[in-house]
Amino acid sequence: MWNQAWNYVLNHPDKILEWTLQHLYIVLVANISAAVIGVLIGVYISGKGRESIANTVIYFASIMMTVPSLALYGILMGILSALTLPSIGFLPVVIALTLYGLLPIIRNTYTAIREVDPAMIEAGRGMGMSELQILTKVKLPLAVPVIMAGLRQAIVMNIGIAAIGAYIGAGGLGQPIFRGIANYRTDLIIVGAVFVSFLAIVIDFLMGGLEWLTTPKGVRIRRKR
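Cut-offs applied
Residues numbered from 1 in each chain as written. Predicted model: local features only at pLDDT ≥ 70, side-chain atom pairs only at ≥ 80, totals over all residues. Heavy atoms only, no water. 1 Å grid on protein atoms, 1.4 Å probe; cavity = no way out; pocket = protein on both sides within 12 Å on 5 of 7 lines; lining within 4 Å. Points joined across faces, edges and corners; volume = space filled by probe spheres on them. Helix = DSSP H or I, 4+ residues; strand = E, 2+ residues; numbered from the N terminus. Nonpolar A, V, L, I, M, F, W, Y, C, P; charged D, E, K, R; others polar. Phe/Tyr/Trp six-rings, centres within 6.5 Å; stacked < 30°, edge-to-face > 60°. Buried < 20%, exposed > 50% of the residue type's maximum accessible area, 1.4 Å probe, protein only. Lys NZ or Arg CZ within 6 Å of the ring centre and 35° of its normal. Salt bridge = Lys/Arg side-chain N within 4 Å of Asp/Glu carboxyl O. Patch = residues over 30% accessible without salt bridge, like charges linked within 9 Å, V, L, I, M, F, W, Y side chains within 5 Å. Areas by Shrake-Rupley, 256 points an atom, 1.4 Å probe, with all protein chains shown as cover. Polar contact = N/O pair within 3.5 Å; in protein donor to acceptor, adjacent residues only side chain to side chain. Contact = heavy atoms within 4.5 Å. Core = buried A, V, L, I, M, F, W, Y, C linked by side-chain atoms within 4.5 Å.

Chemist: Before we go on, may I ask you to explain the layout of surface pockets in this structure?
Modeler: A probe matching the size of a water molecule, rolled over the atoms, marks out where space remains unfilled. What the largest pocket holds in volume is close to 380 Å³. Within the residue set of the lining of the largest pocket, elements represented by two or more residues are helix H2 (13–45), helix H5 (90–114), helix H6 (118–126) and helix H7 (131–164). Per-class residue counts for the lining of the largest pocket are eight nonpolar, two polar and seven charged.

Below is the structure:
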């Protein structure tokens with residue numbers, strides 16, 4: 001079984017590469033969208049007097065996480081079909097992954113900004129900074145490590161969910177898994193599962209490095225202490 005899987009990898013490296021690149025592209029597009037939307041929403045709901053809005057937004061984002069991926073794909077296919085947009089393949093999968101990625105990014109952005117030391121904010125105001133400057137030069141730089149942790153969680157999670165997108169024609173590393181199930185090919189199932197897992201581990205490692213690089217030097221020093 002494992003020998004057959006290894007032989008398949010050796011004999012079809014072009015297919016493995018194609019599926020991996022497809023998978024990465026889907027996850028990249030979805031998580032860039034989720035990062036932009038999630039950070040903007042997180043920044044907005046972190047403002048003063050918006051606690052009730054924040055609770056509502058995070059609650060609905062949490063509900064989205066409970067919807068099974070195949071059910072969400074089905075709902076999106078119906079909606080996109082009604083809008084005369086492509087209802088199978090790339091688009092519904094990217095939308096679904098974007099929705100799944102919102103919760104950790106919104107929650108981490110909101111939490112990180114709300115937990116910025118008030119003394120730092122007051123120091124910024126004392127220096128004559130505007131609210132926008134305080135946000136961009138004080139709050140966000142200090143919140144970056146926590147925001148990046150949320151993005152890291154979203155990407156790793158979506159790598160696994162994206163594999164199910166092959167069921168509706170999105171491509172990626174889910175293809176060998178579903179082909180293996182349909183044709184009773186255990187070797188294909190193993191190939192798909194192993195490469196999805198390996199991709200998640202590699203991306204998690206790379207995101208950990210990126211998280212460290214984007215952390216302000218002063219915050220790094222405090223963490224070491």
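Chemist: Got a minute to help me understand the packing of aromatic side chains in this structure?
Modeler: Scanning all chains against the criterion turns up three aromatic pairs. Taken together, a centroid distance of 5.6 Å and an interplanar angle of 70 degrees make the contact between Tyr-59 and Phe-60 edge-to-face. When its relative accessible area of 52% is taken as the criterion, Phe-60 is described as exposed. If you follow Arg-50 out to its NZ or CZ, it ends over the ring of Tyr-44, 4.2 Å from the centre.

Chemist: What is the right way to read the pattern of salt bridges from this model?
Modeler: In a structure, side chains of opposite charge can pair up when their charged atoms sit close to one another. Inspection of every chain in the model, using the stated rule, returns six salt bridges. For Arg-152, the salt bridge is made with Glu-211, and the minimal N-O distance between the two is 3.2 Å. Taken together, the residues span a long stretch of sequence, with Arg-152 in helix H7 and Glu-211 in helix H9 (residues 186–213) at a distance of 59 residues. The exposure class of Glu-211 is buried, given its relative accessible area of 11%. Because the salt bridges share partners, they merge into one network encompassing Glu-122, Arg-125 and Glu-131.

Chemist: Help me out: how do you make sense of a nonpolar patch on the surface in this one?
Modeler: On the surface, a nonpolar cluster with roughly 470 Å² of combined accessible area is contributed by Leu-28, Ile-32, Val-36, Ile-37 and Leu-40. Tracing the sequence through the fold places Leu-28 in helix H2.

Chemist: So what exactly am I meant to see when it comes to unusual backbone geometry here?
Modeler: Glycine aside, a negative phi is what most residues show, and trans is what most peptide bonds show. Phi at Thr-84 is positive, roughly 55 degrees, even though this residue is not glycine. Assignment of secondary structure puts Thr-84 in the loop between helix H4 (69–82) and H5. With a phi close to 55 degrees, Tyr-184 is a non-glycine residue in the positive phi region. Structurally, Tyr-184 is set in the loop between helix H8 (174–183) and H9. Judged by its relative accessible area of 76%, Tyr-184 falls in the exposed class.

Chemist: Would you explain the side chain of Thr-98 in this entry?
Modeler: Among the structural elements, Thr-98 can be located in helix H5. At a separation of 2.7 Å, a polar atom in the side chain of Thr-98 contacts the main-chain carbonyl oxygen of Val-94. Not counting residues within four places of it along the chain, the set of residues in contact with Thr-98 comprises Ala-30, Ser-33, Ala-34 and Ile-37.

Chemist: What is the right way to read the side chain of His-23 from this model?
Modeler: Looking at the secondary structure, you find His-23 in helix H2. Those residues in contact with His-23, other than ones at most four positions away along the chain, are Ile-159, Ala-162, Ala-163, Gly-172, Leu-173, Gly-174, Val-196 and Leu-199.

Chemist: Sorry, what's going on with the nonpolar core here?
Modeler: When a protein is soluble and globular, its nonpolar side chains tend to lie buried together. Grouped together as the largest cluster of nonpolar side chains are 46 residues, with contacts concentrated most on Tyr-73, Val-93, Leu-97, Leu-151, Ile-155 and Ile-159. Elements represented by at least two residues in this core include exactly helix H1 (2–11), H2, helix H3 (51–66), H4, H5, H7 and H9. Ranked by residues supplied to this core, first place goes to H5 with ten residues. For Ile-159, the residues in contact, after removing those within four places along its chain, are His-23, Val-27, Val-196, Leu-199, Ala-200 and Ile-203. Formed by five residues, the second largest nonpolar core is a distinct cluster that contains Ile-113, Leu-135, Ala-143 and Ile-147.

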